[in-house]
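Understanding the architecture of this molecule
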Amino acid sequence: AIIGPTASGKSALAHTIAKQTNATILSLDSLALYKEIDILSAKPTKEELCEVHYEGINLITPDAYYSTVKYLELYNRICEQCELNNQDLILVGGSSFYLKTLIDGISNTPQIDESTIKKVNNLLCNLPKAYQCLKEYDLEYANTLKENDAYRIEKALQLAIQTNMAPTAYWKKYPKLTAEHNKFPIYNIEQPREYLRSRIQKRTEIMFKQGAVDEVCHLEHKYSRSSKSMQSIGIKELLSYLDGKITLNKAKELISIHTAQLAKRQETFNRHQFTNTICGDSQTLQEIILEV
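Presented here is an overview of the structure given in this document. (Residues numbered from 1 in each chain as written. Predicted model: local features only at pLDDT ≥ 70, side-chain atom pairs only at ≥ 80, totals over all residues. Heavy atoms only, no water.)

**Some details on the side chain of Glu237**
Tracing the sequence through the fold places Glu237 in helix H12 (residues 235–242). Summary of buried charges: Glu237 has no salt-bridge partner, and the nearest side chain of opposite charge, Lys236, is 4.6 Å away. At a separation of 2.6 Å, a polar atom in the side chain of Glu237 contacts the side chain of His258. If we skip the residues at most four places from it in the chain, Glu237 touches Ser232, Ile246, Ala251, Leu254, Ile255 and His258. (Helix = DSSP H or I, 4+ residues; strand = E, 2+ residues; numbered from the N terminus. Buried < 20%, exposed > 50% of the residue type's maximum accessible area, 1.4 Å probe, protein only. Lys, Arg positive; Asp, Glu negative; His and termini not counted. Salt bridge = Lys/Arg side-chain N within 4 Å of Asp/Glu carboxyl O. Polar contact = N/O pair within 3.5 Å; in protein donor to acceptor, adjacent residues only side chain to side chain. Contact = heavy atoms within 4.5 Å.)

**Let's talk about helix H14 (residues 282–291)**
Burial in H14 covers these residues: Leu285, Gln286 and Ile289. Down the axis of H14, the smallest arc covering the buried residues is 105°, so these residues share one side. (Arc of directions from axis to C-beta.)

**Here's the deal with the packing of aromatic side chains**
For the structure on display, the rule yields 5 aromatic pairs. Taking the centre distance of 4.5 Å and the plane angle of 55° together, the rings of Phe97 and Tyr98 count as tilted. Seen from their ring centres, Phe269 and Phe274 are 6.1 Å apart, and the 70° between their planes marks the pair as edge-to-face. Among the aromatic residues, those joined into a cluster by ring pairs are Tyr71, Phe97 and Tyr98. The ring of Phe208 has Lys252 sitting right over it, with the charged end atom 5.1 Å from the ring centre. (Phe/Tyr/Trp six-rings, centres within 6.5 Å; stacked < 30°, edge-to-face > 60°. Lys NZ or Arg CZ within 6 Å of the ring centre and 35° of its normal.)

Put into structure tokens, the structure is as follows:
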């Protein structure tokens, strides 16, 4: 697995290694799953897709639901294919929660209805109240969380309301699904913060030249704004521009700022969630991986 913050060069590194070793690449990018979100997801080019076999790209429409359970099933299937073809598999992308799922496993949670999502969102307007509500459903699990852990409180409440079961009881009844191969080296690209900011700004400019505005116009016309994918960085800022709320230059600025903030969150997540990673810049990691 090759991880790192957005714009750190991990995709280019993975492509170079896969091309030299005839490996398959499985994307760890949640936005690349969607068809028609091509520019703003920074997917591989047509030429790159011809040079290397990619998986995990263009699987669903932007309004479709996709879960980490489905991703785990995809990973197991690709692993089996690679074993049959005697190929190495390279995981690469910025959605490290997928990688965390492959390593730790995940509960087979049900699809959450829109009505449940709305109920939970209303509760989350008052986080302390939401936390108390979770205690009523599942005191055991709530006591393992911090009161300000909005993400886990949200997910636990969604599960509890959707199933009418305490999350702890649900997880006992439906044990975690695990990946067939969950032990592999993880290479973490480290780049200076200023280098990342510069790369992010340049990449944002390139996206606009490639037609990012037209892509968002097409997506909104075909799929509306209600799907989760339409809240992604790049899309949400351009929707504000199309609404006349901000200028085009302001949209560019906000995309760069929000992407840099994402990069910082990715660095923090990777540092705390993955141990024994092999760290270095792209060139150093390339030499290490090819030696292996």
